[in-house]
Amino acid sequence: MNENRKLATLQAVKEIIPIENADAIEIAKVMGWDVVVKKNEFKTGDLGVFFEIDSFLPEIERYEFMRDSSFKNNPLVGRGFLVKTRKLRGVFSQGLLLPLDKFPEIDFTGMEIGTDLTKELKVKEFEATEGTDIFGNTIERFHPIIQKTDELRLQSAGYLGEALKGHPYYISEKIEGTSGTLSSENGNIRIFTRNNEIKDEKKSLLWNLVRNKGIIDVLKNCEDIFLQFEIYGPKIMGNKLKVDKLDFRFFNLGNPKTGEYYDFADWDEILKRTKLKNVVQSVKILEKGYNFQYSLNELQEISNGNYDNAGQREGIVIRPQREMKVNGERLSFKVLNNKYLLKNSDW
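(A) The arrangement of the overall build of the chain in detail. Looking only at helices and strands, one finds seven helices and 24 strands in the chain. The C-alpha radius of gyration computed for the chain amounts to 21 Å, which stays within 12% of the reference 20 Å derived for 347 residues, consistent with globular compactness. C-alpha atoms of the chain, sized along the principal axes, occupy 65 × 45 × 40 Å. Per-residue burial over the chain gives 51% buried out of 347 residues. When contacts within the chain are restricted to residue pairs at least 6 apart in sequence, those whose partners lie at least 24 apart make up 70%. As presented, the chain carries roughly 17,300 Å² of accessible surface, and 45% of it is formed by carbon and sulfur atoms.

(B) View of the packing of aromatic side chains. Counting across every chain of the model gives 15 aromatic pairs. Measuring from centroid to centroid gives 5.1 Å for Phe-142 and Phe-192, while their planes differ by 55°, and the two rings are tilted. Pair noted here: Phe-142 is in the loop between β12 (138-139) and β13 (152-153) and Phe-192 is in strand β16 (residues 188-192), with a separation of 50 residues, a long-range link. As far as the burial class goes, Phe-142 and Phe-192 line up, both buried. Stacked on the ring of Phe-142, the Lys or Arg Lys-148 has its end atom at 5.7 Å from the ring centre. Over the aromatic face of Phe-248 sits the side chain of Lys-213, whose NZ or CZ is 5.5 Å from the ring centroid.

(C) Main features of the nonpolar core. Residues Leu-182, Ile-215 and Leu-276 are the most contacted members of the largest nonpolar core, which totals 32 residues. Contributing elements (two or more residues each) for this core: β16, α3 (205-212), α4 (215-219), β18 (225-232), β19 (247-254) and α5 (267-274). Contact partners of Leu-182, with chain neighbours within four places excluded, come to Ile-189, Arg-190, Ile-191, Val-210, Ile-215, Leu-219, Ile-225, Phe-226, Leu-227 and Phe-229. Formed by 30 residues, the second largest nonpolar core is a distinct cluster that contains Ala-8, Phe-51, Phe-108 and Leu-117.

(D) Seen up close, the side chain of Arg-5. Structurally, Arg-5 is set in the segment before β1 (8-18). Accessibility expressed as a relative area gives 13% for Arg-5, which makes it buried. Here Asp-54 takes part through its side chain, which lies 3.4 Å from a polar atom of the side chain of Arg-5. Ignoring sequence-local partners within four residues, the contact set of Arg-5 consists of Glu-52, Ile-53, Asp-54, Thr-118, Glu-125 and Arg-153.

(E) Quick peek at the pattern of salt bridges. For the structure on display, the rule yields 26 salt bridges. Glu-52 is the salt-bridge partner of Arg-5, the closest N and O atoms lying 3.0 Å from each other. With Arg-5 in the segment before β1 and Glu-52 in the loop between β4 (47-51) and β5 (55-58), this residue pair connects regions lying 47 residues apart in the sequence. For the pair Arg-5 and Glu-52, one class covers both residues: buried.

Rules behind the numbers
- In this convention, every chain numbers its residues from 1, walking through the sequence in written order.
- At least 70 in pLDDT is required for a residue's local features to be given in this predicted model, at least 80 for side-chain atom pairs to be given and counted, and no such filter applies to totals for whole chains, interfaces and linings, which use all residues.
- With hydrogens and water set aside, each side-chain value is computed from the structure's full complement of heavy atoms.
- Labels follow the DSSP assignment, with helices taken as runs of H or I lasting at least four residues and strands as runs of E lasting at least two, numbered in each case from the N terminus.
- Taken over C-alpha atoms, the radius of gyration is set against a globule rule of 2.2 Å times the number of residues to the power 0.38.
- Using a 1.4 Å probe on the protein chains alone, a residue whose accessible area is under 20% of its type maximum counts as buried, one over 50% counts as exposed, and one in between counts as partly exposed.
- Should any heavy atoms of two residues lie within 4.5 Å, those residues are considered in contact.
- In these tables, accessible area is a Shrake-Rupley quantity obtained with a 1.4 Å probe, and a residue counts as shielded only by the protein chains included in the view.
- The pairing test for Phe, Tyr and Trp rings, Trp by its six-membered ring, is centres within 6.5 Å, and the orientation test on the planes gives stacked under 30 degrees, edge-to-face over 60, and tilted for anything in between.
- Criterion for a charge above a ring: Lys NZ or Arg CZ within 6 Å of the ring centre, and within 35 degrees of the ring normal.
- Take the buried Ala, Val, Leu, Ile, Met, Phe, Trp, Tyr and Cys residues and link them wherever side-chain atoms come within 4.5 Å; each set so joined is a nonpolar core.
- Pairs of N or O atoms are called polar contacts if they sit within 3.5 Å, as long as, within protein, a hydrogen donor faces a hydrogen acceptor (for residues adjacent in sequence, only side-chain-to-side-chain pairs).
- Just to be clear on terms, a salt bridge is a Lys or Arg side-chain nitrogen sitting within 4 Å of an Asp or Glu carboxyl oxygen.

Structure below.
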């Protein structure tokens, strides 16, 4: 869970688009998202409260209209309503947009577009429960310097795509699993899941996996480094890659003492120098180029594809070949596969 993610924000409608053969609904363009709304409920320029997909809304009267399609009772986040990708009259709807008069407790006077309302509206990020306790005993802490893994969706952060225009880039396959971090500093090797450290115990599946691959032996004799990776396999998020055993692919390399990420352009040299090249494998690289010019629609087309020997992939991640920042924020973003989202929207 990303506690800083802006799940509920004040947004303006950019455009209203009719839906063919639909009398009661239409599309509202919000940031980069297409959201199906009631006909004539909004017009271009109107303000509304926008909830991104994965938002988990509290069980209160305001959201009761979602009960039949979206109610969940989840051990991690409780009872509420999940905002998810839906397909209505042949078009995708990603998010929920509600008029300001649905929120009488909030004074919107003078409020800036983009204002974060997540905490005020008690919105949480939905968490799937599967695979949360299969790696061994945990300690409730994360590395003090390395950042937790997360990617903004381009639809909510179009400025990142604009900043990448004209620069060398790469596109990688996004694996549907659970993220992990492996760090080695001064001979001290540690493994983390998204929020916790995994104890080094014989019964830990993740520690055993890393040992069996020979990674621990390599890390004992190389420079300080961290890897961040996606873990996949049986009992993890439905095993979307259809593999027989637990495995992982890395997608970040960096310096654990500074938290800085190493440039993708240098990955090969770093892996050879550290001898990690023989024991780890990166996520699948779908494309490398030297002049990024893709639009959101074009990236959505690229995201639409299958994992090797399996079903629809979750999506893609796009980054510069050399690290860049935009307003102090790492330039990295994802585009999810709409077909995958629709098929897996019920978790």
